[in-house]
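Single-letter residue listing:
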Amino acid sequence: MNTGAATVVTILGFAAPAAAADNGIETFFASQGCAVGPSTIAAAISHGFDRSAIEDYVAGARAAAKTQKVGDWLVLARDVCEIRPPMVDSELKLSDPEVRQSLVAEDNETNDGYAGCVLDGSKLFEIVQSSRGWTADKANAEYLRMLSAGLVSGDLAFYSPDWLRTPRA
């Protein structure tokens, strides 16, 4: 499956993801759906958070009037936690040579009147299969993870004056 065939994104920068810079426990649980339970606590610990820091955060969250206990889970009130897109890790980074080789400058005439720097998803998909020896499934999964991470961090964005479509690659 080649999902990258018509993906067009704007490269906004090659900075580290914002989530990595603000890697607090609140941000972590916001990316976990503002729910604290066995699997999200285990994920927080494996992410490097100290159990006592998690317990302190949960104790403070319990005090919020609209926080609810549902079975083994604590669903955090909106004034304590607002759901954010999850942090996504990818083996592909925007600064990788394969990604840079897949950038294409488009002028108004070649891209339906849109100018800019776009990522040719099909080209990237083929390059990483060759350069890294990835299967099509692995290349597809990492390509989608890279897009997801870039969209969440703000380093990538889809653009178009028509919110129902993006320009062709």
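The structure contained in this document is the topic of the report that follows. Model, not experiment: these values are computed from the prediction.

1. Examining helix α4 (residues 51–62)
So, step 1. Over its twelve residues, α4 extends 16 Å from the first C-alpha to the last, a length consistent with the 16 Å expected when each residue adds 1.5 Å.
So, step 2. The complete set of buried residues in α4 reads Ile54, Tyr57, Val58 and Ala61. Mapping the buried residues of α4 onto a view down its axis gives an arc of 100 degrees, with all of them on the same face.
So, step 3. Where α4 is buried, its residues meet α2 (25–30), β2 (35–36), α3 (38–46) and β4 (73–75).

2. Section: the packing of helix α6 (residues 121–132) against helix α7 (residues 136–153)
So, step 1. One way to put it is that α6 packs onto α7 with a least axis distance of 9 Å and a crossing angle of 130 degrees. Relative to α7, the element α6 lies oblique. As α6 packs across α7, the resulting crossing turns out to be right-handed. Together, Gly121, Leu124, Phe125, Val128 and Gln129 of α6 and Ala136, Ala139, Asn140, Tyr143 and Met146 of α7 make up the contact between the two elements.
So, step 2. Looking at the contact of α6 with α7 residue by residue, the classes come out as seven nonpolar, three polar and no charged.

3. Let's talk about the side chain of Glu98
So, step 1. You can see Glu98 is positioned in helix α5 (residues 97–101).
So, step 2. Under the relative-accessibility criterion, Glu98 is labelled buried at 9%.
So, step 3. Of note is the side chain of Glu98, whose polar atom sits 2.9 Å from the side chain of Ser131.
So, step 4. Among residues more than four places away in sequence, those in contact with Glu98 are Leu124, Ile127, Val128, Ser131 and Arg132.

Cut-offs and rules
Residues numbered from 1 in each chain as written. Predicted model: local features only at pLDDT ≥ 70, side-chain atom pairs only at ≥ 80, totals over all residues. Heavy atoms only, no water. Helix = DSSP H or I, 4+ residues; strand = E, 2+ residues; numbered from the N terminus. Expected span 1.5 Å × (residues − 1). Buried < 20%, exposed > 50% of the residue type's maximum accessible area, 1.4 Å probe, protein only. Arc of directions from axis to C-beta. Contact = heavy atoms within 4.5 Å. Axes fitted to C-alpha atoms, helices over the stretch in contact; angles between N-to-C directions. Parallel < 35°, antiparallel > 145°, perpendicular 65-115°, else oblique. Left-handed = near helix turned anticlockwise from the far one by under 90°. Nonpolar A, V, L, I, M, F, W, Y, C, P; charged D, E, K, R; others polar. Polar contact = N/O pair within 3.5 Å; in protein donor to acceptor, adjacent residues only side chain to side chain.

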